[in-house]
Amino acid sequence: MHLVRDLLDKQLIDVNWQKMGRVDGLLMEARPGTQPHIATICVGGTVLTRRLPGFVGRWSTAVLRRFGPRHGAPFRIPWSRVLSVDAMIRVDVDSDSSDAMASSRWVRDRIIDRIPGAS
Amino acid sequence: MKQKILQLTLGVVTSIGGFLEVGSIATSAQAGASFAYQLIWPVVLGTIVLIFLVEMSGRLAAASKLTVSGAMRDRFGFDYFVVPLVTLSVVIYLVLAAEVGGAAFALQLVTGISYRWWAVPVALLVWLILWAGPFSAVERWVPLVGLVTVVFLVGALELNLDWGALAHGLIPTMPSHDGLHYWFLVVNILGATIAPYLMYFYSSGAVEGKWDESYIGINRVIATIGMSFGALLAVAVLVVCARVFEPAGMRMEGYDQIALMLTGALGSWGFYLFAASLFVGCLGACLEIALAVAYMTAQGLGWRWGQDEEPRKVPRFVLVYTVLLALAPWLIVLGVSPLQVTSMSMALTAATLPVAIIPFIVLMNDPVYVGKHTNGWIGNCVVLFTIVMACILAVVTIPLQLLGGG
């Protein structure tokens, strides 16, 4: 498997076949005596903004740290939860009850539901 | 098969948003008034390129089940994706403002109440249609109502046309006067025709319509017929204006002049049908643009999206088009001239074209995405030609806007 080609930036699908963001970053783990391996998939937060070059990256990361949900901390999925890697990556997470959908829920409850005719 | 033929409406909707919106109507009218039939060739050139790019967007969606924006994020990563996303969002804000202005102006023609008062109601109407209607409704009603725009063709055929001169306009020629204005219009016509949002919209529509590989054949027909339909009407606008305004030596200074283009051929009916066409075309373009930005953002960031979903199931997707439409009318309300916004937005579309087109050459040749349906050599030549052309346009558009705009 090729980390950047086959994993990074791919669509994540949760256990209920719902979209739940993209693979915005990957955390590797290397311990003495073992091969380095992927430990965690990161979704959203400063993991994404840090990929932008120069001052744009630094500035947007600082903004997310200060004002973002969970101070810009990404949602983490342990590699052991990965079910399949294909054109999309399916993971054993129920995104609706997890922090991955926190901003989506916030928009739904605070904005969409207040518009007449929403439900 | 019947199901597939019905998808022709997707092509026609895309086309209405590409050719019968305020940008194309305005630039075709200016071109006809200033240079008679001489500027038909950029419309035709833009259309051929657009047919190829739209066909590729549909083929990508059918072969990979991915939209253009989704595949762009997959293949090029977030740091590239952010460039077309940000440039498109900025440019599209102006384009949307121009479309809202066009629809508002159509209402001014009919009611006599200033377009500035109509901008907010127009944006609200667009939002309501998106909020309440599923994709299939947009896809079915826009082409049906859009048939009113055929009036331009009727108008053109009512006049005694010089077919020889018309055919001559298909061949690029050097202008005999106003060289800068000529090239300014060439760039604007190409910018108004080859709009990247059309490709994001079309491929998302194909994914919403659950296209699979069996659609690849019909996709060609849909792209060709759909885009040609719009192009034919854009040429008709140009021809009518060439016949009506060019002999009088009139330059198009504002929409109120363009509005009179059909009165010669069709009398007062012509005036109202022009207003109706402008309104419908601009409204269709507003729907398409607002959706295209919401699609692109949601797909690139992996959010849930879909115009067929209930709004509260795709909250962030709905939020994008809601914010965009909430911001859209204010330039017009403040009294900025709709024709000026239009002209600026067309030039900027041309300037940002390369970042949107370059990914096509990679994606459409990568078997990981399109499997065995990769581009043939003709397709690749057209994309390469378009990239070169887009780069030239990007460099010359701003200087031409400043020098040749008036």
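Novice: Could you give an account of the overall build of chain B, naming the residues involved and the relevant values?
Specialist: Broken down by element type, chain B carries 20 helices and zero strands. In summary, chain B has a C-alpha radius of gyration of 20 Å against a globular reference of 22 Å for 406 residues, a match within 12%. Projected onto the principal axes, the alpha-carbon positions of chain B cover approximately 55 × 45 × 45 Å. Expressed as a percentage of its 406 residues, the buried residues of chain B come to 62%. Partitioning the contacts of chain B with sequence separation of at least 6, the portion at a separation of at least 24 is 85%. Of the roughly 14400 Å² of accessible surface on chain B, a fraction of 71% belongs to carbon and sulfur atoms.

Novice: Lay out the interface of chain A and chain B in plain terms, naming residues and giving numbers.
Specialist: Contact residues are listed per partner, giving 32 residues for chain A and 25 residues for chain B. Both sides of the chain A and chain B interface together cover about 2300 Å² of buried area, and 56% of this is carbon and sulfur. The largest share of the area that chain A buries against chain B comes from A:Lys19, A:Arg22 and A:Ile112, three residues that together contribute 25% of it. Between A:Asp24 and B:Arg73 there is a salt bridge; the shortest N-O distance is 2.7 Å. The interface formed by chain A and chain B includes 13 residue pairs in polar contact (both at pLDDT 80 or more). Counting residues per element, the ones that place at least two in the side of chain A that touches chain B are strand E2 (19-22) and helix H4 (102-110) of chain A.

Novice: Can you explain the pattern of salt bridges? Please cite residues and give values.
Specialist: Throughout the structure, instances matching the rule amount to 14 salt bridges over all chains. Between A:Asp6 and A:Arg5 there is a salt bridge, with the nearest N and O atoms lying 3.0 Å from each other. Overall, the relative accessible area of 53% leaves A:Arg5 in the exposed class. As a salt-bridge pair, B:Lys313 and B:Glu310 come within 3.9 Å of each other at their nearest N and O atoms. B:Glu310 gets classed as partly exposed once you look at its relative accessible area, which sits at 41%. Through salt bridges with shared partners, one network takes in A:Asp9, A:Asp24, A:Arg51, B:Arg73 and B:Asp79.

Novice: Residues and numbers for the state of the cysteines, please.
Specialist: Disulfides are covalent bonds that connect the sulfur atoms of two cysteines. All names here are of chain B. Summed over the entire model, instances satisfying the criterion amount to zero disulfides over all chains. This cysteine, Cys282, is not joined by any disulfide, and Cys286 carries the nearest cysteine sulfur, 6.7 Å off. Given a relative accessible area of 0%, Cys282 falls into the buried group.

Novice: Quick one: what's the story with the layout of surface pockets, residue by residue and with numbers?
Specialist: By volume, the largest pocket is sized at about 1200 Å³. Listed by contribution, the elements that provide at least two residues to the lining of the largest pocket are E2, helix H2 (46-49), helix H3 (54-67) and H4 of chain A together with helix H5 (68-111), helix H14 (263-301) and helix H15 (315-327) of chain B. Class assignment for the residues of the lining of the largest pocket results in 29 nonpolar, 10 polar and five charged. Roughly 860 Å³ of volume is contained in the second largest pocket. Lining the second largest pocket are 34 residues, and of these A:Lys19, B:Arg304, B:Trp305, B:Gly306 and B:Glu309 lie nearest its centre. Mapped by element, the contributors of at least two residues to the lining of the second largest pocket are strand E1 (11-13), E2 and H4 of chain A together with helix H11 (196-208) of chain B. Within the lining of the second largest pocket, the residues separate by chemical class into 12 nonpolar, seven polar and 15 charged.

Novice: Would you mind going over the sheet that holds strand E3 (residues 25-29) of chain A in detail, with residue names and values included?
Specialist: Residues and elements named next belong to chain A. Spatial ordering of the open sheet is given by E3-E4-E5, a layout of three strands whose pairing is antiparallel. Edge strands, defined here as strands with exactly one partner in the open sheet, are E3 and strand E5 (75-78). Taken pair by pair, the neighbouring strands of this sheet meet at an average axis angle of 30°, ignoring direction. Strand direction decides the pairing type here: E3 and strand E4 (residues 37-43), joined by five bridges, are antiparallel.

Novice: A description of the confidence of the model for chain B should follow, citing residues and the corresponding values.
Specialist: Mean pLDDT over chain B works out to 90, with 99% of the residues at or above the 70 mark. For this predicted complex, the interface confidence reaches an ipTM of 0.93, while the overall pTM sits at 0.93.

Novice: Let's hear about unusual backbone geometry: which residues, and what values?
Specialist: Although it is not a glycine, A:His71 sits at a positive phi angle of roughly 55°. Judged by relative accessible area, A:His71 falls into the exposed class, the value being 58%. A positive phi angle, near 50°, is found at B:Ala36, a position not held by glycine. Along the chain, B:Ala36 falls in the loop between helix H3 (22-35) and helix H4 (40-64).

Novice: Go over the packing of aromatic side chains, please, and point to the residues and values.
Specialist: All names here are of chain B. This model, assessed by the stated rule, comprises 14 aromatic pairs over all chains. Ring plane angle 90° and centroid distance 5.9 Å describe the contact between Tyr202 and Trp211, whose orientation is recorded as edge-to-face. What links up through ring pairs into an aromatic cluster is the set Phe35, Trp41, Tyr182 and Trp183. Directly above the ring of Tyr215 sits Lys4, whose terminal nitrogen or CZ lies 5.1 Å from the centroid. The positively charged end of Arg75 is found above the aromatic ring belonging to Phe76, 5.9 Å away from the centroid.

Conventions and cut-offs
- Residues numbered from 1 in each chain as written.
- Chains lettered and ligands numbered in written order.
- Predicted model: local features only at pLDDT ≥ 70, side-chain atom pairs only at ≥ 80, totals over all residues.
- Heavy atoms only, no water.
- Helix = DSSP H or I, 4+ residues; strand = E, 2+ residues; numbered from the N terminus.
- Rg over C-alpha atoms; globule rule 2.2 N^0.38 Å.
- Buried < 20%, exposed > 50% of the residue type's maximum accessible area, 1.4 Å probe, protein only.
- Contact = heavy atoms within 4.5 Å.
- Areas by Shrake-Rupley, 256 points an atom, 1.4 Å probe, with all protein chains shown as cover.
- Buried area = accessible area lost by both parts, 1.4 Å probe.
- Salt bridge = Lys/Arg side-chain N within 4 Å of Asp/Glu carboxyl O.
- Polar contact = N/O pair within 3.5 Å; in protein donor to acceptor, adjacent residues only side chain to side chain.
- Disulfide = S-S within 2.5 Å.
- 1 Å grid on protein atoms, 1.4 Å probe; cavity = no way out; pocket = protein on both sides within 12 Å on 5 of 7 lines; lining within 4 Å.
- Points joined across faces, edges and corners; volume = space filled by probe spheres on them.
- Nonpolar A, V, L, I, M, F, W, Y, C, P; charged D, E, K, R; others polar.
- Pairing = 2+ DSSP bridges.
- Axes fitted to C-alpha atoms, helices over the stretch in contact; angles between N-to-C directions.
- pLDDT = per-residue confidence, 0-100.
- Phe/Tyr/Trp six-rings, centres within 6.5 Å; stacked < 30°, edge-to-face > 60°.
- Lys NZ or Arg CZ within 6 Å of the ring centre and 35° of its normal.

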